Amino acid sequence: FAPLKFLINLRLDSNRLSGNLPSFDDMHFLEYIDVSNNALDGPISRKFFANLALDASPTLRLAQNQLTGVLPEEFDRFSDMTVHLSDNKILGLPLVLCNNKKWNNGDVGRYGCDAIMCKPGTSSSQGRRTPASRCRQCNGASYYGDSTSCQ
């Protein structure tokens, strides 16, 4: 992706992509990434969106992959962000991210951390709390953002 320095939107959902998720750290304008419903694995890099302007409102759609690790605390630099991470193998959500009240169209301001991802042991159809979908007790939900175990 290096030659695409001015790319703003990247939509590669449902393309059977595999391997590690790139960090896109050298892309200064990339604000919308949808690589959901693939087979991408590994952690989300701490350098992800590193060079994006602070006043940007990025959208990150990574649902239905095999991503692991912890959601990067570095995302806290964005006051407004949309993240969709359901159905991965995410093991942690830094609490500092739950203070970003504008995230996910203001859902984080209304529902706290659950509006980013349901915690392990809970599940919802969206993998997070929304006005239409609550995180409910689910013993089969092993990871953050589970949407399928108990539905």
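Residues numbered from 1 in each chain as written. Predicted model: local features only at pLDDT ≥ 70, side-chain atom pairs only at ≥ 80, totals over all residues. Heavy atoms only, no water.

A.B. asks: Kindly report on the sheet that holds strand β6 (residues 66–70), identifying the contributing residues and their values.
C.D. replies: Pairing within the open sheet is parallel, and its 4 strands lie in the order β2-β4-β6-β8. The strands lining the two open edges of the sheet, one partner per strand, are β2 (18–20) and β8 (89–92). Strand after strand, the sheet turns through a mean of 10 degrees between neighbouring axes, direction not considered. (Pairing = 2+ DSSP bridges. Helix = DSSP H or I, 4+ residues; strand = E, 2+ residues; numbered from the N terminus. Axes fitted to C-alpha atoms, helices over the stretch in contact; angles between N-to-C directions.)

A.B. asks: Tell me about the pairing of β6, and name the residues and values.
C.D. replies: Here strand β4 (residues 39–43) runs beside β6; their pairing, made up of 3 bridges, is parallel. Counted as the bridge partner of proline 43 is threonine 68 from β6.

A.B. asks: Before we move on, could you go through the state of the cysteines and cite the residues and values that matter?
C.D. replies: As enumerated under the stated definition, the model contains 2 disulfides in all. Note on cysteine connectivity: cysteine 98 is disulfide-linked to cysteine 113, with sulfurs 1.8 Å apart. Where cysteine 98 bonds to cysteine 113 through sulfur, the torsion about that S-S bond is close to 110 degrees, and the disulfide is right-handed. In this pair, cysteine 98 sits in the loop between β8 and α1 (107–111) while cysteine 113 sits in the loop between α1 and β9 (122–123), placing the two residues 15 residues apart along the sequence. Residue classification places cysteine 98 among the buried residues on the basis of a relative accessible area of 10%. For cysteine 118, the disulfide goes to cysteine 135, at an S-S distance of 2.1 Å. Between cysteine 118 and cysteine 135, the disulfide has an S-S torsion of -80 degrees and is therefore left-handed. Separated by 17 residues along the polypeptide, cysteine 118 in the loop between α1 and β9 and cysteine 135 in the loop between β9 and β10 (136–137) bring together distant segments of the chain. You'll find cysteine 118 and cysteine 135 in the same group, each marked buried. (Disulfide = S-S within 2.5 Å. Buried < 20%, exposed > 50% of the residue type's maximum accessible area, 1.4 Å probe, protein only.)

A.B. asks: Can you tell me about the sheet that holds strand β3 (residues 32–34), naming the residues and giving the values?
C.D. replies: Taken in spatial order, the 4 strands make up an open sheet running β1-β3-β5-β7, and their pairing is parallel. Edge positions in the sheet fall to β1 (9–11) and β7 (82–84), since each has one partner strand and no second. Ignoring strand direction, the axes of neighbouring strands in this sheet form an average angle of 5 degrees.

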